[in-house]
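Read off the chains here:
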Amino acid sequence: MSRFEPTLFVIVGGAGDLTRRKLLPAIADIAEKNGCQDKFHVLAVGRSAQDDEEYRAWARESLALAGLSPEAISAWCDTSVHYVSNAEEAGGWQAVADKVAAIESANDLPGNRAFYLAIPPRVFPPVIEALAEVGLNRSPGFTRLVIEKPFGNSLETARSLNELVHARFEEHQVYRIDHYLGKETVQNLLVFRFANALFENSWNRSLVRSVEITVGEHLGLETRAGYYDQAGAFRDMIQNHVTQVLTLVAMEPPVKLDADAIRDEKVKVLRSVVPIAADDVVFGQYVGGLIDDETVPGYLEEPGVAENSVTETAVSLRLFIDNWRWQGVPFYLRTGKRFPERLTQIVVRFREPPVCLFEVDGTCEVHSDAIVITLQPNEGFELLFDVKAPEEDMRLQTVPLDFRYDAAFGSLPDAYETLIEDIVLGDQTLFVRSDEVEAAWSLYQPILDNPPMPEHYAAGTWGPPGSTKLPYDTGDRWWQG
Ligand code: BG6
């Protein structure tokens, strides 16, 4: 018996890039691994006119590109992948509702539906309205609405989108995606902290000196100028992915392991952040430089970027959380495109012992201990501490205790598989609740209203010069760069 209920996935934006790269492969893979190919159906909704067969050919190609074996997917595509156009001339949304009913009746499905909005954010509102108007916000089984990021581009727009969603759906039906929450290593933060009293007992202002979260990307803009030049790194990465990681690092233990208990604690973190000082935020924009020994263009030379654009491609900031656990401990957040490597890492630095017993030539030999949690790539963690270097007079050396996921468990599942499984299972833990998304926007809106001018940094470096100086006044430096 599979743990999954028979489900119809209605993917709005069914012929788009996200569907091709992530959604179809994830659904097909879950269906295959769990022996529920007859239970998972996909209805792709798109503007173009095509029939099921034409769409199935595209779907097969997408699945093969994603590395799924043709034998495993071919039969599934033939019977369980469908297409409908929602263009006006094809009957609009009523045609979608009719096709949903036809697929469910022909395949004896109980009416469990997940509507996945894999579309540009400006069309979220009309699509949500249209689904409700043709009655697709109710069904005999479950109805779930899955919304991709970005959820709004400001506090005001996020609030009005929440209002619209709540006028048509209940919050328990809504799954706001932040794909970072689907990453195995991000989820592991809860286990690392709350299953290991050793770490959790040190995880506070008495022992922690600072916390750093870096989400560095090697890639540049690629072909996304249309979206990115409007959004910038702050909206694209800090408000969502980096902040989600921050809340998991800083939250209190939840009273139980359920979606609302965890999300309550995450919201409390966001509400405890002290307003961020203007001097504690640095924006950067990459100029041409060397990546892997190749010269790459600067942001302003990328196709589609507005002339003289001041969009930031990197952000660093320092914030403080005013609660009993974290008062006075600096949290450094940093993200950027065209960094020297792709690296998502949390560094928790511990305080040095209050008295230095190990001095050589008048200099204290003790280094502060640290935990370095690498979320991607080379997922794992290191605990760094001092040992005596052999055969030397009390010379200390910092050494790692090292754990790597791939060595222990092999490869990790794709974040989208985890998230799609949870949507079918009805587990909202890894999805962002409405108050959480608004609390994140509230925290950052003052910066977005008054953004600093970006400083230039060369592609292949760790961000603007102002960013590298940010932690120095507390005596720290970025772990990398
Ligand atoms: C997306 C951003 O949400 O996350 C992209 O829009 C970014 O700009 C991507 O490249 C990073 O995700 P990952 O999983 O590759 O770290």
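Everything discussed here concerns the structure shown above.
A.B. asks: I keep staring at the overall build of the protein and nothing clicks. Help me out?
C.D. replies: When its secondary structure is counted, the protein shows 14 helices and 19 strands. Its C-alpha atoms put the protein at 85 × 55 × 45 Å along the principal axes. Within the protein, the proportion of its 481 residues that are buried is 56%. Total accessible area on the protein is roughly 21100 Å²; 52% of this is exposed by carbon and sulfur atoms.

A.B. asks: Got a minute to help me understand the site of the ligand in this structure?
C.D. replies: In the neighbourhood of the ligand, the contacting residues comprise Lys149, His179, Tyr180, Lys183, Glu217, Arg224, Asp236, Met237, His241, Lys337, Arg342 and Gln376. The side chain of Gln376 places a nitrogen or oxygen atom 2.7 Å from an oxygen atom of the ligand. In terms of residue count, helix H9 (residues 225–250) provides more of the shell around the ligand than any other element does, 3 residues in total. Among the residues forming the shell around the ligand, the class breakdown is 2 nonpolar, 3 polar and 7 charged.

A.B. asks: Hey, could you run me through the sheet that holds strand S13 (residues 343–350) in this one?
C.D. replies: Note on sheets: strands pair through backbone hydrogen bonds, and any given pair is parallel or antiparallel. With mixed pairing, 9 strands are arranged side by side in an open sheet as S18-S17-S16-S13-S7-S12-S11-S8-S19. Whereas interior strands pair on both sides, the edge strands pair on one side only; in this sheet they are strand S18 (396–404) and strand S19 (455–458). The mean angle between the axes of side-by-side strands here comes to 20°, regardless of whether they run parallel or antiparallel. Two elements, strand S16 (residues 370–376) and strand S17 (residues 380–388), share 5 bridges in a ladder whose sense is antiparallel.

A.B. asks: So what exactly am I meant to see when it comes to the environment of Glu184 here?
C.D. replies: Looking at the element boundaries, Glu184 is found in helix H7 (residues 184–194). Looking at Glu184, the relative accessible area reads 28%, which means it is partly exposed. With 117 residues separating them along the chain, Glu184 and Gly67 place their C-alpha atoms 21 Å apart. Here Glu184 is in contact with Tyr405, Leu412, Pro413 and Thr418, once residues within four sequence places are set aside.

A.B. asks: Just to check I follow, could you spell out helix H13 (residues 434–449) for this structure?
C.D. replies: Structurally, the α-helix is built with 3.6 residues per turn, so residues lying three or four positions apart point the same way. With 16 residues, H13 ought to run about 22 Å at 1.5 Å a step, and its terminal C-alpha atoms sit 22 Å apart, in line with that. At Leu443, H13 shows its maximal kink, close to 40°; a proline, Pro446, follows between one and four residues later. Of all the residues in H13, the buried ones are Ser434, Glu436, Val437, Ala439, Ala440, Trp441, Leu443, Tyr444, Gln445, Ile447 and Leu448.

A.B. asks: Sorry, what's going on with the side chain of Gln345 here?
C.D. replies: Take Gln345: it is sitting in strand S13. A polar side-chain atom of Gln345 sits 3.1 Å from a polar atom in the side chain of Thr374. Once residues lying within four places of it in the same chain are set aside, the contact partners of Gln345 are Glu212, Ile213, Thr214, Val372, Ile373, Thr374, Trp479 and Gln480.

A.B. asks: It is not clear to me how the state of the cysteines should be interpreted in this structure. Could you clarify?
C.D. replies: In protein structure, a disulfide is the covalent linkage between the sulfur atoms of two cysteines. The final tally for this structure, using the stated rule, is 1 disulfide. Across the disulfide from Cys356 sits Cys364; the S-S distance is 2.1 Å. Because the sign of the S-S torsion sets the handedness, a value of about 95° for the bond joining Cys356 and Cys364 places this disulfide among the right-handed ones. Cys356 sits in the partly exposed class, given a relative accessible area of 26%. With no disulfide of its own, Cys36 lies closest to Cys77 among cysteine sulfurs, the gap being 15 Å. Among the residues examined, Cys77 registers a relative accessible area of 0% and is labelled buried.

A.B. asks: How should the pattern of salt bridges be read in this particular structure?
C.D. replies: Oppositely charged side chains may form a pair once their charged atoms are brought near each other. Counted under the stated rule, the structure contains 32 salt bridges. Among the ionic pairs, Arg176 bridges to Glu171, the shortest N-O distance being 2.8 Å. A residue is classified by how much of its surface remains accessible, and Arg176, at 2% relative accessible area, is buried.

A.B. asks: Just to check I follow, could you spell out the sheet that holds strand S3 (residues 81–85) for this structure?
C.D. replies: Strand order in the open sheet formed by 6 strands is S3-S2-S1-S4-S5-S6, and the pairing between neighbours is parallel. Of all strands in the sheet, those bounded by a partner on one side alone are S3 and strand S6 (174–176). When the angles between neighbouring strand axes are averaged without regard to direction, this sheet yields 20°. Sheet topology places strand S4 (residues 113–117) next to strand S5 (residues 143–147); 5 bridges connect them, and they run parallel. Bridge pairing in S5 links Ala114 to Arg144. Along the sheet, helix H4 (residues 92–106) contacts strand S1 (7–12), strand S2 (40–46), S3 and S4; its crossing angle with S3, the most-contacted strand, is approximately 160°.

A.B. asks: For this particular structure, what's the right way to read unusual backbone geometry?
C.D. replies: Glycine aside, a negative phi is what most residues show, and trans is what most peptide bonds show. Look at the link from Lys149 to Pro150: it is a cis peptide, with omega at 0°. The omega torsion of the bond from Gln376 to Pro377 falls at -20°, within 30 degrees of zero and hence cis. Mapping Pro377 onto the fold places it in the loop between S16 and S17. Of note, Asn308 is a non-glycine position whose phi angle comes to about 60°, a positive value. Note that Asn308 resides in the loop between strand S10 (294–296) and strand S11 (314–319). Phi angles above zero are rare outside glycine, and Arg338 is one such case at about 60°. Mapped onto the elements, Arg338 comes out in the loop between strand S12 (331–336) and S13.

A.B. asks: Just checking my understanding: could you explain the packing of helix H1 (residues 17–33) against helix H12 (residues 415–425) for this structure?
C.D. replies: Two elements in contact, H1 and H12, have axes separated by 9 Å at closest approach and are oriented at 65°. Relative to H12, H1 is oriented so that their crossing is right-handed. Of the residues in H12, those touching H1 at Leu18, Lys22, Leu23, Ala26, Ile27, Asp29, Ile30 and Lys33 are Tyr416, Glu417, Ile420 and Glu421. For the contact of H1 with H12, the per-class residue count stands at 7 nonpolar, no polar and 5 charged.

Analysis parameters
- Residue positions are counted from 1 within each chain, in the order its sequence is given.
- Note on the predicted model: pLDDT of at least 70 is required for a residue's local features to be given, and 80 or more for side-chain atom pairs to be given and counted; whole-chain, interface and lining totals, by contrast, use all residues.
- Only hydrogens and water are set aside; all other atoms, that is, all heavy atoms of the structure, feed into the side-chain values.
- Helical segments are the DSSP runs of H or I of at least four residues, strand segments are the runs of E of at least two, and each set is numbered from the N terminus.
- Three labels apply to residues, based on accessible area from a 1.4 Å probe with only protein chains included: buried if under 20% of the type maximum, exposed if over 50%, partly exposed otherwise in between.
- Residue-level accessible areas treat just the shown protein chains as cover; the underlying method is Shrake-Rupley with a 1.4 Å probe.
- Proximity is defined per residue: if any heavy atom of the residue lies within 4 Å of a molecule or strand, that residue is considered near it.
- Polar contacts here mean pairs of N or O atoms no more than 3.5 Å apart (in protein, one a potential hydrogen donor and the other a potential acceptor; neighbouring residues in sequence count only if both atoms are side-chain atoms).
- Each residue gets one of three labels, nonpolar for Ala, Val, Leu, Ile, Met, Phe, Trp, Tyr, Cys and Pro, charged for Asp, Glu, Lys and Arg, and polar for the others, Gly among them.
- Two strands make a pair as long as DSSP finds a minimum of two bridges between them.
- The convention used is that axes are lines fitted to C-alpha atoms, helices contributing only their stretch in contact, and that angles between N-to-C directions extend from 0 to 180 degrees.
- In this analysis, two residues are considered to be in contact whenever any of their non-hydrogen atoms come within 4.5 Å of each other.
- One less than the residue count of a helix, multiplied by 1.5 Å, gives the span that helix is expected to have.
- Bend is the name given here to the angle between axes fitted to two runs of seven residues, the run ending at a residue and the run starting at it.
- The definition used for a disulfide is geometric: two cysteine sulfur atoms within 2.5 Å.
- We define a salt bridge as a contact between a side-chain nitrogen of Lys or Arg and a carboxyl oxygen of Asp or Glu at a distance within 4 Å.
- Put simply, a crossing is left-handed when the front helix is turned counterclockwise from the back one by less than a right angle, and right-handed when it is turned clockwise.

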